[in-house]
Amino acid sequence: MRIGILGTGGMADALGAQWLRPGHEVLFGGRDLGRAETLARRHGGDHGTLHQAADFGTDAVLMALPWQAAIEIAPQLPLTGRVLIDCTNPVGAGFRLLTTGAPSAAVQLAAAAGPETHVVKAFNLCHEDVWRLTPPVFDGRPLGVPLSGDNQQALAVVRQLVRDVGCEPFAAGELDQGAALLEATAALLIRLWVGEGVDAQSIAPPGESAGPRAPGAAVTPAS
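Residues numbered from 1 in each chain as written. Predicted model: local features only at pLDDT ≥ 70, side-chain atom pairs only at ≥ 80, totals over all residues. Heavy atoms only, no water.

## Considerations on the overall build of the protein chain
Rule in force here: Comment: elements are numbered from the N terminus, with helices defined as DSSP H or I runs of at least four residues and strands as E runs of at least two. Each residue's exposure class comes from its accessible area (1.4 Å probe, protein chains only) as a fraction of the maximum for that residue type: buried when under 20%, exposed when over 50%, partly exposed otherwise. Residues are treated as being in contact if the distance between any of their heavy atoms lies within 4.5 Å. Areas reported as accessible are Shrake-Rupley estimates using a 1.4 Å probe. Residue values count occlusion only from the protein chains shown. Here Asp and Glu are counted as negative and Lys and Arg as positive; His is not counted, and neither are the chain ends. In plain terms, the charge of a residue is placed at NZ if it is Lys, CZ if Arg, CG if Asp and CD if Glu.
In terms of helices and strands, the protein chain carries 8 helices and 10 strands. Each principal axis of the C-alpha distribution contributes one length, and for the protein chain these read about 50 × 40 × 35 Å. Among the 223 residues that make up the protein chain, the fraction classed as buried is 45%. Here the contacts in the protein chain between residues at least 6 apart in sequence split such that 67% fall between residues at least 24 apart. Put simply, the protein chain shows about 10,900 Å² of open surface, and 52% of that area lies on carbon and sulfur atoms. Of the charged side chains in the protein chain, 15 are positive and 22 negative; the average position of the first set lies 3 Å away from that of the second.

## Brief notes about the pairing of strand β2 (residues 25-29)
To keep it simple, the criterion reads: A pair of strands is treated as paired once DSSP finds two or more bridges between them. Crossovers are marked right-handed if the path from the first strand over the helix to the second runs clockwise, as seen with the strands pointing away from the viewer.
Here β2 lies mainly inside the structure; 4 of its 5 residues are buried. Strand direction decides the pairing type here: strand β1 (residues 2-6) and β2, joined by 5 bridges, are parallel. Each bridged residue has a counterpart across the sheet, and for L6 the counterpart in β2 is G29. With helix α1 (residues 10-20) bridging β1 and its parallel neighbour β2, the resulting β-α-β unit is right-handed. Crossover β2 to strand β3 (residues 46-48) through helix α2 (residues 33-43) is right-handed.

## A few points about the pairing of strand β4 (residues 60-63)
Neither face of β4 is exposed, since A60 and L62 on one face and V61 and M63 on the opposite face are all buried. Two strands pair when backbone bridges link them, and β1 and β4 are joined in this way by 4 bridges, in the parallel orientation. Its bridge partner being in β4, G4 is matched across the sheet by V61. Summarising the sheet, β4 and strand β5 (residues 83-86) pair through 3 bridges and their orientation is parallel. Looking across to β5, one finds that V61 is bridged to L84. You can see the chain leave β4, run along helix α4 (residues 67-73) and come back into β5, and the turn it takes is right-handed.

## Some points on the nonpolar core
To be explicit about the condition: To define a nonpolar core, start from buried Ala, Val, Leu, Ile, Met, Phe, Trp, Tyr and Cys residues and group those joined through side-chain atoms within 4.5 Å.
If you look at the biggest cluster of nonpolar residues, it comprises 35 residues, and the most contacted ones within it are W19, I85, F123, W131 and V158. Once residues lying within four places of it in the same chain are set aside, the contact partners of V158 are V83, I85, V120, A122, F123 and L147. In this structure, W67, A105, A112 and V119 belong to the second largest nonpolar core, which totals 26 residues.

## Focus on unusual backbone geometry
A cis amide bond links T134 with the next residue in sequence, P135, at an omega value of -5 degrees. For P135, the location among the structural elements is in the loop between α6 (128-131) and β7 (137-138). Phi is positive for F95, which is not a glycine, with a value near 60 degrees. Here F95 is to be found in the loop between β5 and α5 (105-113). Here F123, not a glycine, exhibits a phi torsion of approximately 65 degrees, which is positive.

## A few points about the environment of T185
Along the chain, T185 turns up in helix α8 (residues 175-196). Exposure remark for T185: the relative accessible area of 33% places this residue in the partly exposed category. Along the chain, T185 and L125 lie 60 residues apart, while their C-alpha atoms are 7.5 Å from each other.

## Thoughts on α1
Among the 11 residues that make up α1, 11 are buried, leaving the element largely enclosed by the rest of the structure. Inspection of α1 places G10, M11, A12, D13, A14, L15, G16, A17, Q18, W19 and L20 among the buried residues, and these make up the whole buried set.

Keep in mind these numbers describe shape, not what the thing actually does.
Structure (structure tokens):
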């Protein structure tokens, strides 16, 4: 695949490196061309401006800018027809969810990018260091990655990119509801991990102990 990465921070660094390993073409795009060039030299791939990265990503574009900057820059980029992966989290001081009472960051990004851009919320629940693991496997289980989006072809592309990182994709619903839940979950997990020093895994019992599921309500891997 041809993947454009918007941003030069930790998520761009981690996921860009992961996607280069199986042979995808990656262009790191940044507002700071020096930082973009550093990533390209470190991992391979190419570098350029944000506009060039969006234009390059004919198969997928990763939005790895801070969420408010992402919404501001999206209308200026050639994202029509693109699969736009949103890994941003609108979490502010005091671990507050900054979109409370408003649409999710992903829905706002989709509106800013335009109706022909296919936004998929993914990769937002873990710190960048998790995505540097090769692969992210814990207690013998690949990490699950929930995906939220409306376009089935876009979801299929992102499912493959999740698997290329060594993780298991899961369906998390359509963008209007699923993304809001994922962003709220991220805010809670960040509060627990960073603010309280809590092992957040301890709040969820193992699947076999979680109780019966209603018929048709089982959570299954996205296919």
